[in-house]
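Inside the fold
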Amino acid sequence: MAVKNKLEKLGLHQTKIELGVAEIMEDLSIEQRDNLSISLKNIGLELMEDRKNILAEKVKTAIIDLVHYTDNQIKINLSDYLSERVFHNYAFLSKVFSEVKGTTIEKFYLSQKLEKVKELLVYDELSLSDIAFKLHYSSVAHLSNQFKKMTGLTPSHFKNLKQNRCFALADT
């Protein structure tokens, strides 16, 4: 809605607005492009015109959607999912993503999965076994090992730290 409002205020007509992408009908003049860029920066967004940046953002958005907003994780491998979703072969996507974001697609995907694990641990509605199943880990041990490797904590220790912190905040 914020992007739509900014476009309308600038007299621009959108053909599509979705998470991370807005397409407009008009060809922008340099002045319009500068005004749009300033307007978007005022609401914490960035105008991207470089094709590599746009492609890397599409990959990032697809991964975030998959991990955080899809209840049923993919049944195919990540490379096939991204190729189908972004309409490029995976080798090209991987090269561009690493170049633009400074990390690999796999590392970004794992970091997003671990953020989701942390979120589910804090909510305390699912067991670790249920979380491992939901996020398609091969086993609870695999999830726990990956969690410890990337955070330095076991999932149980992380959960206890968060619970103790919440209790301490409630007491103050």
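The structure reproduced in this document is the subject of the present report. (Residues numbered from 1 in each chain as written. Predicted model: local features only at pLDDT ≥ 70, side-chain atom pairs only at ≥ 80, totals over all residues. Heavy atoms only, no water.)

1. Examining the packing of helix α3 (residues 51-69) against helix α6 (residues 105-123)
Interhelical geometry of α3 versus α6 gives an angle of 30 degrees and a closest axis separation of 10 Å. As the angle between them shows, α3 and α6 are arranged roughly parallel. Where α3 crosses over α6, the handedness of that crossing is right-handed. Only Ile-105, Phe-108, Tyr-109, Gln-112, Lys-113, Glu-115, Lys-116 and Glu-119 of α6 make contact with α3, whose side of the interface consists of Val-59, Lys-60, Ile-63, Ile-64, Leu-66, Val-67 and His-68. Its residues assigned to classes, the contact of α3 with α6 shows eight nonpolar, two polar and five charged. (Axes fitted to C-alpha atoms, helices over the stretch in contact; angles between N-to-C directions. Helix = DSSP H or I, 4+ residues; strand = E, 2+ residues; numbered from the N terminus. Parallel < 35°, antiparallel > 145°, perpendicular 65-115°, else oblique. Left-handed = near helix turned anticlockwise from the far one by under 90°. Contact = heavy atoms within 4.5 Å. Nonpolar A, V, L, I, M, F, W, Y, C, P; charged D, E, K, R; others polar.)

2. Quick notes on the packing of aromatic side chains
Within this structure, the stated rule accounts for two aromatic pairs. Taking the centre distance of 5.7 Å and the plane angle of 55 degrees together, the rings of Phe-97 and Phe-108 count as tilted. Within this pair, whereas Phe-97 is found in helix α5 (residues 90-101), its partner Phe-108 is found in helix α6, the two being separated by eleven residues in sequence. The buried category is assigned to Phe-97, whose relative accessible area is 0%. Pairing Phe-147 with Phe-158 gives two aromatic rings, centres 5.6 Å apart and planes at 70 degrees, and the pair type is edge-to-face. On the criterion of sequence distance, the pair formed by Phe-147 in helix α8 (residues 140-151) and Phe-158 in helix α9 (residues 155-171) is long-range, its members being eleven residues apart. (Phe/Tyr/Trp six-rings, centres within 6.5 Å; stacked < 30°, edge-to-face > 60°. Buried < 20%, exposed > 50% of the residue type's maximum accessible area, 1.4 Å probe, protein only.)

3. Details of the pattern of salt bridges
If you walk through the whole model with that rule in mind, you get seven salt bridges. Lys-16 is paired through a salt bridge with Glu-23; the nearest N and O atoms lie 3.7 Å apart. Judged by relative accessible area, Lys-16 falls into the partly exposed class, the value being 34%. Classification of Glu-23 as partly exposed rests on a relative accessible area of 37%. In this structure, the salt-bridge partner of Lys-116 is Glu-119, at a minimum N-O distance of 3.4 Å. Taken together, the residues Lys-116 and Glu-119, both in helix α6 and three residues apart, mark about one turn of the helix. (Salt bridge = Lys/Arg side-chain N within 4 Å of Asp/Glu carboxyl O.)

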